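If you want the building blocks of each chain, they are given just below.
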Amino acid sequence: MSIIRIEKLVKNYENNGLLVPAVRGVDLSIERGEFSAIAGPSGSGKTTLLNLIGGLDRPSEGKVFVGESDLTALTPKELSDLRLRKIGFVFQAYNLIPVLTAMENVEYVLLLQGVDKNERANRSAAMLREVGLEKEMDRLPREMSGGQQQRVAVARAIVSEPDIVLADEPTANLDQKTGESLIDLMHRLNHEKKITFLFSTHDPMVMHRAERLVHIIDGHIDSDERKGSGRAPAKKKAPGKGKKGATKSSQGKARR
């Protein structure tokens, strides 16, 4: 069953009286529980497409459905409520509230959803521990590195276990190890909670781990590839270990 459906989607911007096309007649369907990525060069339209899917921008033409809701037919208030209840966002620019601590930023979505204070605190603390920020819970955004702020943004997006998480370059400001651990966490939530993840990315690691990879160029879908499980590749054995074991086995056979 499709949780996201896009039909003949077009988005144009005006620049000094000129019409600049960003998304050109895109059709796309994302099934519930997918772990997918939209990849493409800078300016290809992937972030614009993600913003249209999340109802952060309005299309010039076409339709966007999230579940049974046609986003183009919703009022601003209805759109806001749908985003609050169904969609988690990870923004490339973090978009943390500067006067709130890491803990308070993560709690904020749960507060808007009316979740009890103690449950908010417990769930937010657990999620910050999951992303490796147990010692930074009381820090303000300006007191954290870019990578730490990105992890707070990821924790905020997934703490309410929404139906969909839209993540714009989620590993862009992270080192390789931290980026891999975050993708591991999101992949686990995808399989355990059936949360649908859709990324826009340049990161080869994210593209490799995605179970479906949609390439977009100049606002058009260029290719759409369904792949494997998205699990991290198995670590290779240290050189020589296999040979050594085989030698011992053959020696044992010779003795017998």
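Scroll up to find the structure this text is about.
Rules and cut-offs
Residues numbered from 1 in each chain as written. Predicted model: local features only at pLDDT ≥ 70, side-chain atom pairs only at ≥ 80, totals over all residues. Heavy atoms only, no water. Helix = DSSP H or I, 4+ residues; strand = E, 2+ residues; numbered from the N terminus. Buried < 20%, exposed > 50% of the residue type's maximum accessible area, 1.4 Å probe, protein only. Contact = heavy atoms within 4.5 Å. Pairing = 2+ DSSP bridges. Axes fitted to C-alpha atoms, helices over the stretch in contact; angles between N-to-C directions. Salt bridge = Lys/Arg side-chain N within 4 Å of Asp/Glu carboxyl O.

Caption draft 1: Structural context of the side chain of Ser 44. In this structure, Ser 44 sits in the loop between strand E3 (35–39) and helix H1 (46–53). Since its relative accessible area comes to 1%, Ser 44 is described here as buried. Here Ser 44 is in contact with Ala 22, Ile 216, Ile 217, Asp 218 and Gly 219, once residues within four sequence places are set aside.

Caption draft 2: Structural context of the sheet that holds strand E4 (residues 61–66). Spatially, the four strands line up as an open sheet ordered E2-E1-E4-E5, and their pairing is antiparallel. Edge strands, defined here as strands with exactly one partner in the open sheet, are strand E2 (18–31) and strand E5 (69–70). Of the strand pairs in this sheet, E4 and E5 are connected by two bridges, and their pairing is antiparallel. The partner of Val 66 across the bridge, within E5, is Ser 69. H1 rests against strand E1 (2–15), E2 and E4 of the sheet, and its axis sits at about 120° to E1.

Caption draft 3: A look at the pattern of salt bridges. Under the defined criterion, the tally for this structure stands at 15 salt bridges. A salt bridge links Asp 70 to Lys 63; the shortest N-O distance between them is 3.2 Å. Exposure remark for Asp 70: the relative accessible area of 14% places this residue in the buried category. Residue classification places Lys 63 among the partly exposed positions, given a relative accessible area of 35%. Of the charged contacts, one joins Glu 107 and Arg 120 as a salt bridge, the two residues approaching to 3.4 Å between their closest N and O atoms. Note that Glu 107 is positioned in helix H3 (residues 102–112) and Arg 120 in helix H4 (residues 117–130), a separation of 13 residues in sequence. One salt-bridge network, held together by shared partners, links Glu 34, Arg 212, Asp 224 and Arg 226.

Caption draft 4: Region of the structure containing the environment of Ala 167. Within the secondary structure, Ala 167 sits in strand E7 (residues 164–168). We classify Ala 167 as buried; its relative accessible area is 0%. C-alpha of Ala 167 to C-alpha of Phe 91: the two residues are 76 residues apart in sequence and 6.3 Å apart in space. Excluding residues that lie within four positions of it along the chain, Ala 167 makes contacts with Leu 50, Val 90, Leu 198, Phe 199 and Ser 200.

Caption draft 5: Geometry of the sheet that holds strand E8 (residues 196–201). The strand order across the open sheet formed by six strands is E6-E7-E8-E3-E9-E10, and the pairing between neighbours is mixed. Sheet topology places strand E6 (87–90) and strand E10 (220–226) at the edges, where each strand pairs with a single neighbour. The average undirected angle you get between the axes of adjacent strands in this sheet is 15°. Two strands pair when backbone bridges link them, and E7 and E8 are joined in this way by five bridges, in the parallel orientation. Looking at E8, one finds that Ile 164 is bridged to Thr 196. Contacting E3 and E8, helix H6 (residues 176–193) runs over the sheet at an angle of about 150° to E8.

Honestly, that's just the spatial picture; any functional story needs more than this.
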